Each structure stands twice: as C-alpha cells, then as structure tokens.
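Remarks on the overall topology
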Amino acid sequence: MSDEFRSGFVCFVGRPNTGKSTLTNAMVGQKIAITSSRPQTTRHTIRGIVHREHTQLILVDTPGLHRPRTLLGQRLNDLVRDTYSEVDVIALCIPADEKIGPGDRWIVQQITQMAPKTTLLGVVTKIDKVSRDQVAQQLVAVSQLLGPDADVVPVSAVKGEQVEVLVDVIASKMPEGPAFYPDGELTDEPEETLMAELIREAALEGVRDELPHSLAVVIEEILPRENEKEHEAVPTGLRSAPAMLDVHALLYVERPSQKAIVIGKGGSRLKEVGTAARKQIELILGTRIYLHLHVKVAKDWQRDPKQLGKLGF
C-alpha cells in the first residue's frame, strides 16, 4: 500500500450472528454496535469510524440479510440493499465454526446482482473457536465461494487476532482521498439511537426465542438532571455531556405475555436490564445517567406500517 491517505466505506454482510457487530466494535476500539447471540439483533445502519495513520474507514453495520417474513423484515432487507450500492468494499463474514450453507450462497448471489462493481472480500470470523486446520479449510471454502480474485482474511474480534491485518487489507482497496470525519469521532449515529440499541441489547440477554423480533426501544426524552452540582463535562468520542442525565425510554413488545417476560417477577428483570444498559451508555457518553424504563404493548407492530413508522423503521 502506498503512503497516500486512503478513505472509504465498508459494509460487513453475512447471515445473522456471524460476528459483524463484534468486528465493528473491535476495529473502532469502542462499543458502538450492539452484539447478541440472537439473530436480527442489529436494527439500524450504525456507522463506526476507524482511524489509522494512513487510512480512515467508515464501517456500515447493517442488519443480517435474510428471507423476510414480516414487513419489518422486508424493511431491514431494504436497508441492506441500499447500503450495498453505496460502499467501496463489501466484506462477507462467515464463522470458522460453521459450514458454508445455502444462506451464504444466497447472500453472495444478492451482492453480485445488486453491486457487481463493488469490491468483495471474505472474512472468516471466530477463528478462536476452532483449530488451525479448521481455519485453513474454511479459508479455502470461502475462497472457492467468492472466486480466485477475492481476498479472504481470518480474524477473531473477541481476541483481537488479525484485526489490524483486516484493517490494512480493507484500506488497500479504498480510493485515495481525505478523511471524512475529524480524528477521535467514532460514529455519526445519534446518541438516542445508540442508547436505544444498548437498552435493547440488555433486554434481549437471556430471554426466550419469542422476544428478539418483537422488541423495539424508543428514547422519549433526555433531560439534564436539575439541581445537580456543576461538574466539568467529560469529553468523549461523541460529545461533551453534563454531570447527570435523566433518560426516559419505552420498550415496545407485541403481546402482554412478552411484557411480563421483560419486566420479570416484581420488576426484577427490568431492573437488571436498566443496570446493564446504564453501564454501557455511561461508557459511551462519559457522564452519569438515570434510566427510566417503561414497557408497553403495541399489538403486531412488526406488520403494521403506521406503527413501524412511529418506531423509526
């Protein structure tokens, strides 16, 4: 790679739960995309910004492309498709511990149809979970899937292995050009969206399969805490914040039974959700917050265009 500065946009694609969000966080160096063991966790096109001496990469982290069953599913897929045509590089993530299947082939087919001119490369994720021989076999398999011209890079985002190699490979595919964002800026995602996503992630931890698709979080308002002693604002990768914020959030589910799951016995589960989300949000904002969480039922919101619009989809 030459000494010229390179910058551009890269999109991680792949079946749900292939490590795209974890990889985004590892490359940015801070948590800006939610991670979960559940498919369809990512709802928004989160942008992470990777700053290096010779490059700036803007990571577009989309929902996993899938065959949709609801209007929400269709809208999530549309988000992905719109992104394909606007980025410089598409990186297909395939875990080292899973065989390539029809879903992966379908995604490659979609990419080649929608963005035939966009550079495609392979990323074998979760290499810490298997032996070196298995990693080697998967590299060969992904190479055969994508064709001889595509680079394939093995990484473990959790262990930080090969992450910088991947940064270099992606950077080498980018056009020469200036940085799009100031140094130190990690995302252009609104803070409200990040907060909602982190609350949603905490609410999805350890719950039954029926919940992931049915849960939406909306930040109603963010208020500086009155009568707080003035402290110097703590600068963060996002922006400076006051000493304490009151954050009011609504968690929407589709059925009363799901509301009971989220709240838990005597409100115990909702309290755990608030504690876990608060810690993550405080890390990002660099200020203390008080979370006010309320759970509401919005019947079949995933299939209702009006409700989807209201919830930001």
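Now for a description of the structure that goes with this document. Computed from a predicted model, the values in this text were never measured in an experiment.

What counts, and at which threshold
Residues numbered from 1 in each chain as written. Predicted model: local features only at pLDDT ≥ 70, side-chain atom pairs only at ≥ 80, totals over all residues. Heavy atoms only, no water. Helix = DSSP H or I, 4+ residues; strand = E, 2+ residues; numbered from the N terminus. Buried < 20%, exposed > 50% of the residue type's maximum accessible area, 1.4 Å probe, protein only. Areas by Shrake-Rupley, 256 points an atom, 1.4 Å probe, with all protein chains shown as cover. Pairing = 2+ DSSP bridges. Axes fitted to C-alpha atoms, helices over the stretch in contact; angles between N-to-C directions. Contact = heavy atoms within 4.5 Å. Salt bridge = Lys/Arg side-chain N within 4 Å of Asp/Glu carboxyl O. Disulfide = S-S within 2.5 Å. Left-handed = near helix turned anticlockwise from the far one by under 90°. Nonpolar A, V, L, I, M, F, W, Y, C, P; charged D, E, K, R; others polar. Arc of directions from axis to C-beta.

Side note on the overall build of the chain
Each helix and strand in the chain was counted, giving nine helices and nine strands. With 313 residues in all, the chain has 51% of them scored as buried. Within the structure as shown, the chain displays about 15,000 Å² of accessible surface, and the carbon and sulfur contribution to it stands at 49%.

Some words on the pairing of strand 8 (residues 244–253)
Burial of strand 8 is extensive: nine of the ten residues sit out of reach of the surface. As judged from the eight bridges shared by strand 7 (residues 216–224) and strand 8, these two strands associate in the antiparallel manner. Within strand 8, the position partnered with Glu221 by the bridge is His248. Both strand 8 and strand 9 (residues 288–297) contribute to a ladder of ten bridges, which runs parallel. By the bridge assignment for strand 9, His248 is matched with His292.

Brief notes about the sheet that holds strand 8
Where strands meet in a sheet, backbone hydrogen bonds hold them as pairs that are either parallel or antiparallel. Reading across the sheet, the three strands line up as 7-8-9 and stay open at both edges, with mixed pairing between neighbours. Each edge of the sheet is formed by a strand with only one pairing partner; in this case those strands are strand 7 and strand 9. Ignoring strand direction, the axes of neighbouring strands in this sheet form an average angle of 20 degrees. In this fold helix 6 (residues 191–204) packs onto strand 7, strand 8 and strand 9, with an angle of close to 125 degrees to the strand it touches most, strand 7. The strands touched by helix 8 (residues 268–285) within the sheet are strand 8 and strand 9, with strand 9 carrying the most contacts at an inclination of about 135 degrees.

Considering the pattern of salt bridges
As enumerated under the stated definition, the model contains six salt bridges in all. Note that Arg6 is salt-bridged to Glu176, the shortest N-O span being 3.7 Å. With Arg6 in strand 1 (residues 6–13) and Glu176 in the loop between helix 5 (163–172) and helix 6, this pair connects stretches of sequence that are 170 residues apart. Bridged by salt links that share partners, the residues Arg15, Glu98 and Asp104 form one connected network.

Concerning helix 1 (residues 20–28)
Here helix 1 lies mainly inside the structure; seven of its nine residues are buried. Along helix 1, the residues classified as buried are Lys20, Ser21, Leu23, Thr24, Asn25, Met27 and Val28. Downstream of helix 1 by a residue or two, Gly29 has a phi angle that is positive, lying close to 95 degrees.

What to know about unusual backbone geometry
In this structure, Lys126 is a non-glycine residue whose phi angle is positive, near 60 degrees. Among the structural elements, Lys126 can be located in the loop between strand 5 (119–125) and helix 4 (132–146). One non-glycine residue, Gln162, lies in the positive phi region at around 70 degrees. You can see Gln162 is positioned in the loop between strand 6 (152–154) and helix 5. Under the relative-accessibility criterion, Gln162 is labelled partly exposed at 33%.

Details of the state of the cysteines
Tallying each qualifying case throughout the model produces zero disulfides. Here Cys11 is not cross-linked by a disulfide; its sulfur's nearest cysteine counterpart is in Cys93, at 9.2 Å. Given a relative accessible area of 0%, Cys11 falls into the buried group. Judged by relative accessible area, Cys93 falls into the buried class, the value being 0%.

As for the packing of helix 6 against helix 8
Taken N-terminus to C-terminus, the directions of helix 6 and helix 8 make an angle of 140 degrees; their axes are 8 Å apart at the nearest point. Of the two possible hands of crossing, helix 6 and helix 8 adopt the one that is right-handed. Counting all contacts with helix 6, which are made through Glu191, Leu194, Met195, Leu198, Ile199, Ala202 and Ala203, the residues of helix 8 involved are Arg269, Val273, Ala276, Ala277, Gln280, Ile281, Ile284 and Leu285. Class assignment of the residues belonging to the contact of helix 6 with helix 8 gives a composition of twelve nonpolar, one polar and two charged.

A look at helix 7 (residues 256–263)
All buried positions along helix 7 are accounted for by Gln258, Ile261 and Val262. Down the axis of helix 7, the smallest arc covering the buried residues is 95 degrees, so these residues share one side. Check the buried side of helix 7 and you find it contacts strand 8, helix 8 and strand 9. At the C-terminal side of helix 7, Gly264 shows a positive phi close to 80 degrees.

Structural notes on the environment of Lys129
Along the chain, Lys129 turns up in the loop between strand 5 and helix 4. The exposed category is assigned to Lys129, whose relative accessible area is 54%. Separated by 27 residues in the primary sequence, Lys129 and Ser156 have C-alpha atoms spaced 8.7 Å apart.

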